[in-house]
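The residues making up each chain are set out below.
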Amino acid sequence: MQFTSKLPDLPTTIFTIMSRLAHKHNAINLSQGFPNFDPDPVLIDLVADAMKSGYNQYAPMQGTYTLREAISEKISSLYGHVYDPEYEITVTAGATQAIYTIISTFIHKDDEVIILKPAYDCYEPAINANKGIPVFVQLEGDDFKINWEVLKQKINAKTKMLIINTPHNPSGSVLGKDDMKKLAALLKGTNIILLSDEVYEHIVFDEQLHSSASKYPDLAERTFVCASFGKTFHVTGWKIGYCVAPKTLMHEFRKVHQFNVFCVDHPKQKALTTYLKSPKNYQSLNLFYQYKRDVFLQAMAGSRFKFTPSKGTFFQLMDYTNITNEADTIFAERLVKEVGVAAIPVSVFNMDNQDNKVLRFCFAKKDETLEQAAEILCKI
Ligand code: PMP
Ligand code: GLN
């Protein structure tokens with residue numbers, strides 16, 4: 001068969017590579033971001049109940065109305081913006097499908113999409129598959145700040161979308177109120193759609209508040225906010241999330257969504273509707289993961305890795321320049337094979353694969369797993 005690849009240079013995602021390697025070498029897997037502990041049994045029972053009650057056929061294309069209503073209530077109570085469940089909220093097969101569908105709905109050939117690097121790896125292939133042009137801006141310094149001058153220079157008549165991610169994977173940095181205000185000023189008067197990837201919205205540490213784009217009316221009017229129940233309720237394998245946007249944007253999104261996936265898992269939507277109605281189920285997540293971060297960092301205190309504590313997400317960056325000068329991809333591979341701990345080399349997310357000798361460790365793990373991994377890492 002002859003064909004022309006749409007993504008000729010695209011390798012297999014680093015998450016698959018590292019998790020596979022961890023499995024093969026029986027290493028402790030702190031690479032791919034998923035919990036190694038169980039979700040709340042109450043949530044599991046709610047899914048079983050929904051299945052037993054007959055919710056086993058197609059859900060409505062946009063998601064069940066009651067789940068959209070529960071999402072709307074959650075957002076308005078947290079961020080003060082009311083999204084109309086009828087027109088402005090769609091339940092998706094994880095944030096990944098929301099992101100892919102947003103990009104394929106709006107990006108035409110040669111449209112430019114700005115991505116802030118390092119960036120999670122699902123944005124760029126979606127842009128390329130739709131013949132758009134990814135335009136990169138590197139986040140700067142140890143705290144991964146936006147260089148507003150550089151960002152401004154990248155905006156031109158071809159810019160159709162800007163993608164932000166807060167709390168940020170892989171760096172663990174967060175955007176604050178000032179950043180969001182600057183962003184609103186920068187985008188004012190343009191037709192640029194903002195895609196705000198907020199899958200870690202409930203994982204922000206040290207008493208900081210999450211700055212959702214939906215909090216800022218000037219931004220909300222041009223923004224798709226994407227969220228993931230997988231991250232929030234320790235069920236990454238369920239692949240269920242949602243996106244919210246103003247009616248006109250969401251109307252266009254649903255044209256593609258209905259043929260991209262049509263609808264997503266019905267019994268889980270039923271279960272999540274009930275579960276979401278108890279705010280304590282997501283409000284405690286900040287402290288839950290802050291505790292895990294601290295368990296990991298305290299155990300790593302005696303190591304030769306250098307780090308500043310993550311401000312959000314369940315990822316921690318570690319600089320290994322005190323240990324070796326080898327490339328992060330080589331060091332990560334050696335760590336799995338020879339030491340027995342898997343991490344993600346951050347260069348794969350950077351502009352031109354810039355290698356700052358930093359690895360990303362996932363601390364969404366049982367305390368004993370974190371302590372065991374740290375004990376091994378401290379010996380290097
Ligand atoms: N965005 C970011 C920044 C992520 O880390 C992830 C990983 N889960 C996703 C999107 C995808 O989320 P989901 O698993 O719900 O598709
Ligand atoms: N979001 C997860 C991470 O950053 C990975 C999800 C995936 O493997 N696609 O590790």
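Going by the structure above, here's the rest.
We now turn to the structure provided with this report. (Residues numbered from 1 in each chain as written. Chains lettered and ligands numbered in written order. Predicted model: local features only at pLDDT ≥ 70, side-chain atom pairs only at ≥ 80, totals over all residues. Heavy atoms only, no water.)

Details of the site of ligand 1
Phase 1 of the analysis: Inspection of the region around ligand 1 gives G94, A95, T96, Y120, N165, N169, D197, V199, Y200, S228, K231 and K239 as its neighbouring residues.
Phase 2 of the analysis: S228 places a side-chain nitrogen or oxygen 2.7 Å from an oxygen atom of ligand 1.
Phase 3 of the analysis: Here an oxygen atom of ligand 1 sits 2.6 Å away from a polar atom, N or O, in the side chain of K239.
Phase 4 of the analysis: Relative to its free-state accessible area of 390 Å², ligand 1 is covered by the protein chains to the extent of 94%.
Phase 5 of the analysis: Ranked by residue count, the leading element in the shell around ligand 1 is helix α4 (residues 94-106), at three residues. (Near = heavy atom within 4 Å. Polar contact = N/O pair within 3.5 Å; in protein donor to acceptor, adjacent residues only side chain to side chain. Areas by Shrake-Rupley, 256 points an atom, 1.4 Å probe, with all protein chains shown as cover. Helix = DSSP H or I, 4+ residues; strand = E, 2+ residues; numbered from the N terminus.)

Some thoughts on the packing of helix α3 (residues 65-79) against helix α11 (residues 266-276)
Phase 1 of the analysis: At their nearest, the axes of α3 and α11 sit 9 Å apart, and the two run at 30 degrees to each other. With respect to α11, the axis of α3 lies roughly parallel. For the pair α3 and α11, the sense of crossing is left-handed. Note on element contacts: α11 touches α3 through Q269, K270, L272, T273 and L276, opposite T66, L67, A70, I71 and K74.
Phase 2 of the analysis: Grouping the amino acids of the contact of α3 with α11 by side-chain chemistry returns five nonpolar, three polar and two charged. (Axes fitted to C-alpha atoms, helices over the stretch in contact; angles between N-to-C directions. Parallel < 35°, antiparallel > 145°, perpendicular 65-115°, else oblique. Left-handed = near helix turned anticlockwise from the far one by under 90°. Contact = heavy atoms within 4.5 Å. Nonpolar A, V, L, I, M, F, W, Y, C, P; charged D, E, K, R; others polar.)

Brief notes about the side chain of K268
Phase 1 of the analysis: Note on placement: K268 falls in helix α11.
Phase 2 of the analysis: In this structure K268 touches V47, W238 and I240, once residues within four positions along its chain are discounted.

Let's talk about the site of ligand 2
Phase 1 of the analysis: Close to ligand 2 lie F15, Q32, G33, Y120, N169, Y200, K231, F315 and R360.
Phase 2 of the analysis: One nitrogen or oxygen atom from the side chain of N169 is found 2.8 Å from an oxygen atom belonging to ligand 2.
Phase 3 of the analysis: Bound to the protein, ligand 2 loses 79% of the 300 Å² it would expose on its own.

Quick notes on the packing of helix α1 (residues 14-24) against helix α14 (residues 328-339)
Phase 1 of the analysis: Orientation of α1 relative to α14, taken along the N-to-C sense of each, is 25 degrees, at an axis distance of 9 Å. The orientation of α1 with respect to α14, classified from their angle, is roughly parallel. Crossing angle aside, the handedness with which α1 passes α14 is right-handed. Taken together, the residues of α14 that come into contact with α1 (itself represented by M18, L21 and A22) are A332, E333 and V336.
Phase 2 of the analysis: Considered class by class, the residues forming the contact of α1 with α14 number five nonpolar, no polar and one charged.

Concerning the nonpolar core
Note that soluble globular proteins tend to have their nonpolar side chains buried in a common cluster.
Phase 1 of the analysis: One finds F224, F296 and F361 to be the most contacted residues of the largest nonpolar core, which totals 120 residues.
Phase 2 of the analysis: In this structure, F296 is in contact with L30, Q316, M318, F361, F363, L370 and A374, ignoring residues within four places of it in sequence. (Core = buried A, V, L, I, M, F, W, Y, C linked by side-chain atoms within 4.5 Å. Buried < 20%, exposed > 50% of the residue type's maximum accessible area, 1.4 Å probe, protein only.)

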